[in-house]
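Chain by chain, the residues run as shown.
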Amino acid sequence: MDRAVAEMVVAAARLATAGKYAIEYMGKSPLGYNRTFGQPIERLVLIDERIPPPAKGDQYFKTIEKWRHTSKRRPYKRLKKPVLDEVIPGIESDYAAAFIDFEINTKSKWSYIHYINTRRDLSGRNYMTVLMDEFYKYASKKGVRSINWGKMMHPKVSRLLKKMQKRYPKISSSGGKNFDPKTEIDKPLDLSDPRTSDDPFQPRQGPRIVSMSSAADVWAQGGAEWFAEAFFKKYKSLNRLMNKTVKGVVGESKQRGSASATYDATKKVIRLFPKFFEQREKYGEEFAAHVFAHELGHSIESNVSWYEDAQAAGMDLWDTANLPFGQPNMDEAFAECFAILSVRSDPGDAKRLAAKWPQWETLVRDTAAKVGVKL
Ligand SMILES: [Zn+2]
């Protein structure tokens, strides 16, 4: 542990009392994240002493221990002694209502928000707005000029981003939308799970076992497996990603949101939705291969560190107006460049990439090489 981190762990400090709430600086976040940008990940927490304690299973607020009672190889066999598979650390306070996990680079004056969460039973009470406000003040004091919200998994987060853009016009705030604005607008806040890596109890996940409850499920899973097999046969060098950044390909029988495919970074699984198969039918194999490769690109960018390389090359990843092919954020830009370089469904795109964004081409090639993929 370096000194900066060690100091942060000790330094739980009350930063501000905003009305009836208190904002506490908790130092280093207890959660392990697969990707960092080189700085320790810090945490701010909103404390409200009037709220009831969290429910037992309230992930990230209560520490959760996951015990396994059956054998891994033979799931029907009951173990004599249960095994502790995973510990997901919670906040050691009954009064924590919301938290923000973030990184700040004081030298380059940016911040990246890794994860935000409000206790389930307290959603809709504006806690996150209050906390975000304090976070922006905290970041401004540290000289931060731009804040990247990463992948936003819910429209509520996107609305909060807009609010902050208005409130803090001197700070450039951006984020990528990862939801379907039409269908998900009224659902309760459910952000993507952060990953609890670096955890000795974390089980190694094998290929995901899907429960087949309907003919549609069977078809979707079979279709996904068939597609993945054919894909990796054709693009042999990408096989290296299997069991490294991708542990399985899952067919979904129900369309969720507007995506045709997604990469689930928590489970390291690529999900193919009905829309994926519709588009494959309509636009052909190469189109589908490009979409699939785009998700493989996400599997690389969210597991391999590449920010420092970009910084060393003098690239500005926060300059969202100039990302390759009009991509909204750096993660999308990476995934799209990877798809273009690996599948080459459109030679014109590959040419344009080399001519207009040569640094991106080098960055994506070098990062892919770190997981053994030669582009
Ligand atoms: Zn994408």
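Everything that follows concerns the structure shown earlier in this document.
Here is what the cut-offs are and how they apply
Residues numbered from 1 in each chain as written. Predicted model: local features only at pLDDT ≥ 70, side-chain atom pairs only at ≥ 80, totals over all residues. Buried ≥ 20, exposed ≤ 12 C-beta atoms within 10 Å, placed from the backbone. Helix = DSSP H or I, 4+ residues; strand = E, 2+ residues; numbered from the N terminus. Pairing = 2+ DSSP bridges. Core = buried A, V, L, I, M, F, W, Y, C linked by C-beta atoms within 7 Å. Domains from an automatic or database assignment. Contact = placed C-beta atoms within 7 Å. Expected span 1.5 Å × (residues − 1). Axes fitted to C-alpha atoms, helices over the stretch in contact; angles between N-to-C directions. Parallel < 35°, antiparallel > 145°, perpendicular 65-115°, else oblique. Nonpolar A, V, L, I, M, F, W, Y, C, P; charged D, E, K, R; others polar.

**Q** Go over the pairing of strand β11 (residues 261-264) with me, naming the residues and quoting the values.
**A** Residues of β11 alternate between two faces, with Ala261 and Tyr263 buried on one and Thr262 and Asp264 left unburied on the opposite face. The pairing of β11 with strand β12 (residues 269-272) spans four bridges and is classified as antiparallel. Across the sheet, Thr262 pairs through a bridge with Arg271, a residue of β12. Taking the residues between adjacent antiparallel strands as the criterion, β11 and β12 are bridged by four residues, where Lys268 takes a positive phi near 55 degrees.

**Q** Describe the nonpolar core, and please don't skip the residues or the numbers.
**A** Formed by 81 residues in total, the largest nonpolar core has its most connected members in Leu46, Ile100, Leu131 and Phe338. Among the elements that take part in this core, helix α8 (residues 330-343) stands out by supplying 10 residues, more than any other. Taken together, domain 1 (3-183) and domain 2 (215-369) each give at least three residues to this core, which thus spans both. In contact with Leu46, not counting residues within four places along its chain, are Tyr21, Ile23, Ala97, Ala98, Tyr127, Val130 and Leu131.

**Q** Give me helix α6 (residues 285-301): which residues, what numbers.
**A** When the terminal C-alpha atoms of α6 are compared, their 24 Å separation across 17 residues agrees well with the 24 Å that a helix rising 1.5 Å per residue should span. Counting buried residues along α6, 13 of its 17 residues qualify, which places the element largely inside the surrounding structure.

**Q** Now, about unusual backbone geometry: what can you tell me, with residues and values included?
**A** Residue Tyr60 is not a glycine yet carries a positive backbone phi of 75 degrees. If you trace the backbone, Tyr60 turns up in the loop between β3 (42-47) and β4 (64-70). Here the phi dihedral of Phe325 falls at roughly 55 degrees; this positive angle occurs in a residue that is not glycine. Note on placement: Phe325 falls in the loop between α7 (307-312) and α8.

**Q** Could you give an account of the packing of α8 against helix α10 (residues 358-370), naming the residues involved and the relevant values?
**A** Here α8 crosses α10 at 80 degrees, and the two axes come no closer than 10 Å. Overall, the two elements α8 and α10 adopt an arrangement that is roughly perpendicular. Contact with α8, carried on its side by Ala333, Phe334, Cys337, Phe338 and Leu341, involves Trp360, Glu361, Val364, Arg365 and Ala368 of α10 and no other residues of that element. The residue inventory of the contact of α8 with α10, partitioned by class, reads eight nonpolar, no polar and two charged.

So yeah, pure geometry; function would need other evidence.
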